[in-house]
Amino acid sequence: MSKPPHLALPPAARGYRLPTERGDFAVHEAGEPLRGTVLLVPGYTGSKEDFIALLEPLAEAGYRVLAVDGRGQYETPGPRDEAAYALEELALDVLAQVRALGADRVHLVGHSLGGLVSRAAVLRDAAPFASLTLMSSGPAAISEEQQGRTKLLVAALETLREDMGSVWAAMRAQDPQDAVPDPPELAQFLRERWMATVPEQLIATGRALICEPDRVAELAAVPLPKLVLSGAVDYAWPVPLMDDMAARLGAERVVVEGAEHSPNAEEPQVTAGALVAFWASRTA
């Protein structure tokens, strides 16, 4: 689970609902499209807040930046129907969001599960995109250890989907005993985000993380600039696996030292710098 370093929007950012032909989506937006437009897609159990520390540096670099809550995530509503959260459905949402932005071509960044959703969107229609960044997102299903943990979570949600508070309490009971407690404001936000997320979204996307096939060869055939960015350690997809994926894609590769699964939250300044350098090199 990504934990934002803070929850305060920068002064130049704003939150609102982006209307699209597939519904309204809660977003955070900052900046003007002097050098381009960026769409940030969050991961499993995440939300737009996971990118909150990227908004200001990317806006200052000349980009219009939008971070979005996907269908059924936190402040974006969604139906109580697991079929609505298939990756192809979420990919159609991303394409609708891009059309609603009215931008020429958009730099797409997907974190973790958001990388799988973003990949599905690009494979369906690459025309609206200027580049694709897969951030802490691998070639197929998550690691075997994480598959086991996610299977347990999905099973709990299937049984207790009307009692999300109990599932949350059970999850937090698994935290290491020596873990540093979250600040009260962050702890409250994390619980509120969990409680607001549609359980069917978590069930369906959890299954996708367990079962997603390797689609790297398909993506490699798409003539779009690509970046694979991760921390130096990753529990969902081992770093060597992402190294190999980057090579297979012919993508640029950035490893953010000092970060693990969420470089967007753990080392946002370095991550923002790497993204800007990649976009600048591909649009020069």
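Note: the structure precedes this text.
Residues numbered from 1 in each chain as written. Predicted model: local features only at pLDDT ≥ 70, side-chain atom pairs only at ≥ 80, totals over all residues. Heavy atoms only, no water.

(A) How the structure looks around the overall build of the protein. Counting its secondary structure elements, the protein contains 11 helices and 8 strands. In summary, the protein has a C-alpha radius of gyration of 17 Å against a globular reference of 19 Å for 284 residues, a match within 12%. Taken across its 284 residues, the protein has 56% of its residues classed as buried. When contacts within the protein are restricted to residue pairs at least 6 apart in sequence, long-range pairs at least 24 apart make up 77% of them. Looking at the protein as shown, the accessible area adds up to about 11700 Å², and 53% of this sits on carbon and sulfur atoms. Averaging the coordinates of the 25 positive side-chain charges in the protein and doing the same for the 39 negative ones gives two points 4 Å apart. (Helix = DSSP H or I, 4+ residues; strand = E, 2+ residues; numbered from the N terminus. Rg over C-alpha atoms; globule rule 2.2 N^0.38 Å. Buried < 20%, exposed > 50% of the residue type's maximum accessible area, 1.4 Å probe, protein only. Contact = heavy atoms within 4.5 Å. Areas by Shrake-Rupley, 256 points an atom, 1.4 Å probe, with all protein chains shown as cover. Lys, Arg positive; Asp, Glu negative; His and termini not counted. Charge placed at Lys NZ, Arg CZ, Asp CG, Glu CD.)

(B) Main features of the packing of helix α5 (residues 164–173) against helix α6 (residues 184–196). Contact pair α5 / α6: the axes reach a minimum separation of 9 Å and the direction vectors enclose 135°. By the criterion of interaxial angle, the relationship of α5 to α6 is oblique. Between α5 and α6 the crossing geometry is right-handed. Along its contact with α5, which presents M164, G165, V167, W168, M171 and R172, the element α6 presents L190, R191, W194 and M195. Residues that form the contact of α5 with α6 fall into these classes: 7 nonpolar, 1 polar and 2 charged. (Axes fitted to C-alpha atoms, helices over the stretch in contact; angles between N-to-C directions. Parallel < 35°, antiparallel > 145°, perpendicular 65-115°, else oblique. Left-handed = near helix turned anticlockwise from the far one by under 90°. Nonpolar A, V, L, I, M, F, W, Y, C, P; charged D, E, K, R; others polar.)

(C) Spotlight on the pairing of strand β6 (residues 129–135). Among the 7 residues in β6, 7 count as buried, and that is most of the element. Examined bridge by bridge, strand β5 (residues 106–111) and β6 share 6 bridges and lie parallel to one another. Paired with L108 across the two strands is L132, which belongs to β6. Note on the crossover from β5 through helix α3 (residues 113–124) to β6: the handedness is right-handed. The pairing of β6 with strand β7 (residues 226–231) spans 4 bridges and is classified as parallel. Considered in β7, the bridge of M135 is made with L229. (Pairing = 2+ DSSP bridges. Right-handed = clockwise from strand over helix to strand, strands pointing away.)

Keep in mind these values describe shape, not function.
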